[in-house]
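# Topology and contacts: notes
One-letter residues, chain by chain:
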Amino acid sequence: MRPDKPEEACGVYAVLAPGQPVANLTYFGLYALQHRGQESAGIAVFDAERKVRLHKDMGLVSQVFDQAVLERLTGDLAIGHNRYSTTGSSKVCNAQPVVLNTRIGPFALAHNGNLVNAAELRHDLASIASELTSTTDSELIAFAIQQAVNRGLDWDGAIRAAAECCRGAFSLVIGTTDGLFALRDGHGIRPLVFGHIGETQQAQWVVSSESCGLDIIGAAFDGDVEPGEIIHFRPGQAEPSRSRWCEQPTKLCVFEMIYFARPDSRFFGESLYSYRVRIGEALARETPVEADIVIGVPDSGIPAAIGYSQLSGIPFADGLIKNRYVGRTFIQPTQAMREAGIRVKLNPLPDVLAGKRVVVIDDSIVRGTTSRKLVQALRDAGATEVHMRISSPPVTHPCFYGIDTDTQDQLIAARLTLEEIAAHLGVDSLAYLSKQGMVDAAHANSAHFCTACFDGAYPIEMDEQVSSSKLMLEPAGIAAKVLQKL
Ligand code: SF4
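Residues numbered from 1 in each chain as written. Predicted model: local features only at pLDDT ≥ 70, side-chain atom pairs only at ≥ 80, totals over all residues. Heavy atoms only, no water.

## Regarding a nonpolar patch on the surface
Selection criterion: Exposure above 30% relative accessible area and the lack of any salt bridge qualify a residue for a patch; like charges then connect within 9 Å, and the nonpolar side chains Val, Leu, Ile, Met, Phe, Trp and Tyr within 5 Å. Every accessible area reported is derived by Shrake-Rupley at a probe size of 1.4 Å, with residue values counting cover from the shown protein chains alone. One speaks of a salt bridge when a side-chain nitrogen belonging to Lys or Arg is within 4 Å of a carboxyl oxygen belonging to Asp or Glu. Helix and strand labels come from DSSP, where a helix needs a run of H or I of at least four residues and a strand needs a run of E of at least two; each type is numbered from the N terminus. Whether a residue is buried, partly exposed or exposed follows from its accessible area with a 1.4 Å probe, protein chains only, as a fraction of its type maximum: under 20%, in between, or over 50%, in that order.
Together, F28, Y31 and I216 make up a nonpolar patch on the protein surface, roughly 290 Å² of accessible area in all. With respect to the element layout, I216 can be found in the loop between α7 (212-215) and β11 (220-224). Judged by relative accessible area, which is 36%, I216 ranks as partly exposed.

Encoded structure:
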């Protein structure tokens, strides 16, 4: 069974800090970003001779690394990655970082996002087909950089040239023999921030998918890597070189705001916790209901439930207890583990729920399977009415930019009307936040978000044949693509 939530793509992390234990710092950074990918983890470290040591494996960060491994990863520049597979299956050959050699030395690349032209890129890179060791779009970006360097370009030129070949979502950190590069695609679909450690900014740089990765090692937040920007951090240089490699309208994934990113990560000058409280307030304004208590589906539904409670005056209560030692079930790749799902993770509190009219707030519904079980669990615990409120609009379209939202026919809101979904879930009432309410609650230009999974307005043009399958670069996927083109 597929999960009932969209699934995140990856977390990327990098530390350029001569004299610091960069592998250990990266380990902590990846630990903070664990929610972005739980299938595999890896760290590549450049030593003083610009040689690369790499360790990557399947599993959580805490399973992949121990002190002995980290002690072997000595150096002054580290690239780290947590993976959830959106292109390429869940196996160790697809773990990152990707490390390749060039005529001017090795480089290590970590990627968050998904290319929509991966099949074309692979076709263009036909000469390296026998060298590919994975089925990921990330390795294709790395080979595009390698080829550009080997044609004579320097790191900066080669990375720009490779970026220009890519279409889709890509936040990248790239360690080279000339320091660290960080860049985002022109729309900035996936987030990427940077900061510094220590008293001065001199060559002590950290780049992370989210600011919670800076906080965990005490790094100061300096800002976003802007959409379409490339930043070059060099050892010994107090200020990085910042430039644009392309200009396009900003389209940050709004799902990062409502669900994916951690609530303590900063977007648009505030923590996402504050934004999520406001979308709860907006939800209460738009979809009021008479009830006795408001509960949130832990953890991601809690801030919106607090906001709903604050605006409606209905008391907030903890009606569901989460087992914090169970991972986010929807990120775990095996179907069997997802099947075990919600009862493992959430337990309703009859003392709180019995005899109450309950408003339950969740951040999204994808297939509806988990929500249906949850509603039954609330009724079993004695709730007399269950009113479900969702702090985002109905998910009606799949994502092609690094989030696994299932195919359209699996999305409950693409198949059923609001009334039909309510009946399927077994709720007394169901309402979603409007798209306007969702984007207006952010401290940002409301046009600066990708909202395609809610409205089908995809910001990046795609070939009709583009498949949402994460296995599109597996041999069968390639064959299908070729057949489609004939
Ligand atoms: S389609 Fe949805 S999940 Fe994908 S990037 Fe856009 S808003 Fe995010």
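## A word on the environment of V386
Counted only if it meets this: Should any heavy atoms of two residues lie within 4.5 Å, those residues are considered in contact.
With respect to the element layout, V386 can be found in strand β21 (residues 385-390). The class for V386 is buried, based on a relative accessible area of 0%. Residues V386 and K356, spaced 30 residues apart in sequence, show a C-alpha to C-alpha distance of 8.8 Å. Not counting the four nearest positions on each side in its chain, V386 is found in contact with V358, V360, V375, L378, R379, V427, D428 and S429.

## Some words on the environment of E139
Under the convention used in this document: We define a polar contact as two N or O atoms separated by no more than 3.5 Å, with the added condition that, inside protein, one atom must be a possible hydrogen donor and the other a possible acceptor, whereas residues neighbouring each other in sequence contribute only through side-chain atom pairs.
Topologically, E139 is positioned in helix α5 (residues 137-150). Each C-alpha atom of the pair E139 and A110 lies 9.2 Å from the other, and the pair is 29 residues apart in sequence. In this view, E139 contacts V98, E131, L132, T133 and S134; residues no more than four positions away in its chain are not counted. A polar contact is formed between the side chain of E139 and the side chain of S134, at a distance of 2.7 Å.

## Focus on the UniProt feature "binding site: Mg(2+)" (unreviewed entry) in the chain
Applicable threshold: UniProt positions are given in the numbering used here, feature names are shortened, and annotations may be inferred rather than shown by experiment.
Per the UniProt record, "binding site: Mg(2+)" (unreviewed entry) is annotated on S300, D362 and D363. These residues run over 64 residues, yet every pair of their C-alpha atoms falls within 7.4 Å of each other. Mapped onto the elements, S300 comes out in the loop between β17 (293-296) and α10 (302-312). Here S300 is in contact with Y259 and D363, once residues within four sequence places are set aside. A polar contact of 2.5 Å, which involves the side chain of S300, links it to the side chain of D363. Here D362 lies in strand β20 (residues 357-362).

## Some remarks on the sheet that holds strand β9 (residues 193-196)
Two strands in a sheet stick together by hydrogen bonds in their backbones, pointing the same way (parallel) or opposite ways (antiparallel). In plain terms, the rule: When DSSP finds two or more bridges between a pair of strands, those strands are recorded as paired. Working convention: axes come from line fits to C-alpha atoms, limited for helices to the stretch in contact. Angles between N-to-C directions cover 0 to 180 degrees.
The 7 strands are arranged β3-β2-β4-β1-β10-β9-β11 in an open sheet whose pairing can be described as antiparallel. The outermost strands of the open sheet, each flanked by one partner alone, are β3 (52-58) and β11. If you compare each strand with its neighbour and ignore which way they point, the axes differ by 15° on average. Of the strand pairs in this sheet, strand β2 (residues 40-46) and strand β4 (residues 77-83) are connected by 7 bridges, and their pairing is antiparallel. Looking at β4, one finds that A44 is bridged to I79.

## Quick word on the site of the ligand
Quick reminder of the rule: We call a residue near a molecule or strand whenever a single non-hydrogen atom of that residue lies within 4 Å of it.
Inspection of the region around the ligand gives I189, R190, C253, V254, F255, C399, Y401, I403, C450, A452 and C453 as its neighbouring residues. Put simply, the parts of the chain that give the shell around the ligand at least two residues each are α8 (254-260) and α17 (452-455).

## Things to note about the UniProt feature "binding site: [4Fe-4S] cluster" (unreviewed entry) in the chain
Under the UniProt annotation, "binding site: [4Fe-4S] cluster" (unreviewed entry) lies at C253, C399, C450 and C453. These annotated residues cover 201 residues of sequence, but their C-alpha atoms sit close together, with the largest distance between any two at 10.1 Å. Beyond its immediate chain neighbours, meaning those up to four positions away, C399 contacts R190 and T405. When you line up the elements, C450 lands in strand β23 (residues 449-450).

## Thoughts on the nonpolar core
So the rule is basically this: Put simply, buried Ala, Val, Leu, Ile, Met, Phe, Trp, Tyr and Cys residues joined by side-chain atoms within 4.5 Å make one nonpolar core. The split of the chain into domains comes from an automatic or database domain assignment.
Core analysis: the largest hydrophobic core is formed by 46 residues, its most contacted members being F255, Y275, Y308 and Y401. Viewed by domain, this core spans two of them, domain 1 (10-250) and domain 2 (276-444), each represented by three or more residues. Core analysis: the second largest hydrophobic core is formed by 33 residues, L125, L140, F143 and F170 among them.

## Here's the deal with the side chain of E270
One can find E270 in strand β16 (residues 270-271). Relative accessible area serves as the criterion here: at 11%, E270 is assigned to the buried category.

## Observations concerning the packing of helix α9 (residues 272-286) against α10
Where we set the bar: We call two directions roughly parallel when the angle between them is under 35 degrees, roughly antiparallel when it is over 145, roughly perpendicular when it lies between 65 and 115, and oblique otherwise. Two helices that cross are described as forming a left-handed crossing if the nearer one is turned anticlockwise from the farther one by less than a right angle, and a right-handed crossing if clockwise. For this classification, Asp, Glu, Lys and Arg are treated as charged, while Ala, Val, Leu, Ile, Met, Phe, Trp, Tyr, Cys and Pro are nonpolar and the rest, including Gly, are polar.
Where α9 contacts α10, the two axes come as close as 6 Å, and the packing angle between them is 45°. Comparing the axis directions of α9 and α10 gives the class oblique. As α9 runs across α10, the sense of the crossing is right-handed. For the pair formed by α9 and α10, the contact residues are Y273, R276, V277, G280, E281, L283, A284 and R285 on the first element and P303, A304, I306, G307, Y308, Q310, L311 and S312 on the second. In the contact of α9 with α10, the residues fall into 9 nonpolar, 4 polar and 3 charged.

## Side note on the packing of aromatic side chains
Note the following rule: Here a pair means two rings of Phe, Tyr or Trp (six-membered ring of Trp) with centres within 6.5 Å. Their orientation is stacked below 30 degrees between planes, edge-to-face above 60, and tilted elsewhere. Put simply, a charge is over a ring when the Lys NZ or the Arg CZ is close to the ring centre, within 6 Å, and near the line of the ring normal, within 35 degrees.
For the structure on display, the rule yields 14 aromatic pairs. Between F255 and F260, the ring centres sit 5.2 Å apart and the planes meet at 40°, which makes this aromatic pair tilted. On the basis of relative accessible area, F255 is assigned to the buried category, the value being 2%. By relative accessible area, which is 2% here, F260 ends up buried. Chaining the aromatic ring pairs together yields one cluster made of F255, Y259, F260 and F454. Here the guanidinium or amino end of R266 rests over the ring plane of F221, the centre of that ring lying 6.0 Å away.

## Here's the deal with helix α15 (residues 418-425)
Test applied: Comment: arc refers to directions from the helix axis out to C-beta atoms.
For α15, the full list of buried residues reads I421, A422 and L425. Projected down its long axis, α15 carries its buried residues within an arc of 100°, all on one side. With respect to the buried face of α15, the exposed residues turned more than 90 degrees away are E419 and A423. The inward-facing, buried residues of α15 abut α13 (369-380), β21, α14 (412-415) and β22 (429-432). At the exit of α15 stands G426, carrying a positive phi of roughly 80°.

## Thoughts on helix α6 (residues 155-165)
Among the 11 residues in α6, 8 count as buried, and that is most of the element. For α6, every residue scored as buried is listed here: W155, G157, A158, I159, R160, A161, A162 and A163.

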